[in-house]
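Secondary and tertiary structure notes
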Amino acid sequence: MPTDVIMPQMGESIFEGTITKWLKQPGERVEKDEPLLEISTDKVDAEIPSPAAGILVEIRSAEGTTVEVNAVVAVIAEAGERVAAPVSSAANAAPDASAQALAAAPPAPLRAPGERILATPLARRIAREHKLALDRIAGSGAGGRIGKIDVLHALSHPELIAQQTKAAPSQVAQVVDLANLPTEPVPLTRMRAIIAERMVESLRVSPHVHTVYRVDMTRVARLREARKVEFAARHGVKLTYMPFIARAVVEALRKFPIVNASLEGAAPELAIRYHRSIDLGIAVALDWGLIVPVIRQAEKKSFVEMARTIADLAARARTKKLSPDEVGGSTFTLTNAGAFGGEYGLPIINQPESAILAVGGLGKEPAVVTDAEGNEAIAIRSVQRFCLGFDHRLIDGADGGKFMLALQHELENWDQEIG
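First, a word on what this report is: a plain description of the structure on this page. (Residues numbered from 1 in each chain as written. Predicted model: local features only at pLDDT ≥ 70, side-chain atom pairs only at ≥ 80, totals over all residues. Heavy atoms only, no water.)

Looking now at helix α8 (residues 303-318). Taking 1.5 Å per residue, 16 residues should reach 22 Å; α8 reaches 23 Å between its end C-alpha atoms and fits that length. Where α8 is buried, its residues meet α6 (218-235), α7 (242-255), β13 (284-286), β14 (289-291) and β15 (294-295). Positive backbone phi, at 60°, marks K320, one or two positions downstream of α8. (Helix = DSSP H or I, 4+ residues; strand = E, 2+ residues; numbered from the N terminus. Expected span 1.5 Å × (residues − 1). Contact = heavy atoms within 4.5 Å.)

Given below as structure tokens:
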């Protein structure tokens, strides 16, 4: 019998979701657990797998539609099965066309990855109208499929187009013809609209204070360089700087738990919530926005576990494979402001947390060093700047400074086993 595709409940506090993309169209065959559509909630963007194998005969909710949990958004059936009359909707395919497709459509043929560019007809038309090459646009759909939202995002963010080519990162971004940019305002994606709302809310709620510390990362840099090949071979994950920083942050938070706390209630009856675990958020930049997956109970993870978890969460965030439970509920966030070469950033707090740490770019600088006998000399050191943004209602400047000194000490005098 036909199978209803329903809007899933992506978390306990989620009651609706917005359909951002259909990965199949009426008349196309879909296999069980094959990605069928993409949705966006206030916690996560995710691909929704097909609940059954068959032919997609009806789409009841169009892209951009916000639908309540458990509402039927599509119907899947096998050839010859009777399907109930479709609900009237502008998103539905014509009933006659769907019925004909159901009777005649064969299983969709498999094709090798990279054989051709995957893109929706609408995406191809928009790209053609604006003379934009599809091979220079990152697709956010299944298998890298390019949709309307990807093309519009590329047009409104021309600096990303060059970044998505195979050119070396050091090359200068190519100039974009401004005449090819959209003439009409481009609507915000669901994720971008949520980000905008959250950023304004955070600045309104929390009086932000920022403090920047310069950290000598030479010891960590030398250790990483000496061990990175062996580490990758042994543990199956690249040895980056982030697990060093995350482990140092955990140690500093254990010494100053006020930085890991949050405020609850409303003035004048605010109360401090001390968190008994460190749930570390790691901000991941996506082509279509920003997401913060969470490392639960980070204080219990070894260096190797931390490295694997960071790599896994980042990879699944970029392929929309995260579950809602892996996104909400962090107690402290790390964001990599130096990913594109910036010395440091002034981050906005990820509510309801009370602090966030921005990691600056790593570079070499001359510095005064002192040997064991007190002699001073000029040496080239690997240096990184870290900026702590914190809620001044809860965290005083002295507490923020003590936390940063503890972080600095952990990194400059690294003595943890990395596995």
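Moving on, we come to the nonpolar core. Across soluble globular proteins, nonpolar side chains show a tendency to be buried alongside one another. Grouped together as the largest cluster of nonpolar side chains are 74 residues, with contacts concentrated most on F332, L334 and F386. Apart from residues lying up to four places away in sequence, L334 is in contact with M242, I245, A246, V249, L280, G281, I282, A283, L357 and V359. Core analysis: the next-biggest nonpolar cluster, separate from the first, contains 12 residues, L134, I146, V151 and L155 among them. (Core = buried A, V, L, I, M, F, W, Y, C linked by side-chain atoms within 4.5 Å. Buried < 20%, exposed > 50% of the residue type's maximum accessible area, 1.4 Å probe, protein only.)

We now examine the sheet that holds strand β8 (residues 72-77). The four strands lie next to each other as β1-β8-β6-β3, forming an open sheet whose pairing is antiparallel. Where the open sheet ends on each side, the last strands, each with one partner, are β1 (3-6) and β3 (29-30). With four bridges joining them, β1 and β8 adopt antiparallel strand pairing. Counted as the bridge partner of T3 is I76 from β8. (Pairing = 2+ DSSP bridges.)

Our next topic: the environment of Q25. Its place among the elements puts Q25 in the loop between β2 (16-22) and β3. By relative accessible area, which is 39% here, Q25 ends up partly exposed. Spatially, the C-alpha atom of Q25 lies 7.9 Å from that of I59, the residues being 34 residues apart in sequence. Residues contacting Q25, with those up to four places away along its chain left out, are L56 and I59.

Moving on: helix α5 (residues 190-205). If you check α5, its first and last C-alpha atoms are 23 Å apart, about what 16 residues at 1.5 Å a residue would give, namely 22 Å. Of all the positions in α5, only M191, I194, I195 and S202 are classed as buried. Considered in projection along α5, the buried side chains sweep an arc of 100° and stay on one side of the axis. What points out from α5, more than 90 degrees from its buried face, is the exposed set E197, V200 and R204. (Arc of directions from axis to C-beta.)

As for its placement among the helices and strands, E251 is situated in helix α7. Ignoring any residue separated from it by four or fewer positions in sequence, one finds E251 in contact with E410 and Q416.

The topology assignment puts T41 in the loop between β4 (35-40) and β5 (45-49). Take T41: its relative accessible area is 5%, and that puts it in the buried class. For the pair formed by T41 and I194, sequence separation is 153 residues and the distance between their alpha carbons is 8.9 Å.

Taken N-terminus to C-terminus, the directions of α7 and helix α9 (residues 397-412) make an angle of 135°; their axes are 8 Å apart at the nearest point. By the angle class used here, α7 and α9 are oblique. Of the two possible hands of crossing, α7 and α9 adopt the one that is right-handed. Taken together, the residues of α9 that come into contact with α7 (itself represented by F244, I245, A248, V249, E251, A252, L253 and K255) are F403, A406, L407, E410 and L411. Residue composition of the contact of α7 with α9, grouped by class: 10 nonpolar, no polar and three charged. (Axes fitted to C-alpha atoms, helices over the stretch in contact; angles between N-to-C directions. Parallel < 35°, antiparallel > 145°, perpendicular 65-115°, else oblique. Left-handed = near helix turned anticlockwise from the far one by under 90°. Nonpolar A, V, L, I, M, F, W, Y, C, P; charged D, E, K, R; others polar.)

What follows is about the packing of aromatic side chains. The full count for this structure, using the stated rule, is five aromatic pairs. Ring geometry for F244 versus F303: centroids 4.8 Å apart, planes at 65°, classification edge-to-face. Of the two residues, F244 sits in helix α7 while F303 sits in helix α8, which places them 59 residues apart along the sequence. Across this residue pair, the class does not change: F244 and F303 are buried. Where F332 meets F403, the ring centres are 5.7 Å apart and the plane angle is 50°; that geometry is what we call tilted. In this pair, F332 is assigned in strand β16 (residues 332-335) and F403 in helix α9, connecting sequence segments 71 residues apart. (Phe/Tyr/Trp six-rings, centres within 6.5 Å; stacked < 30°, edge-to-face > 60°.)

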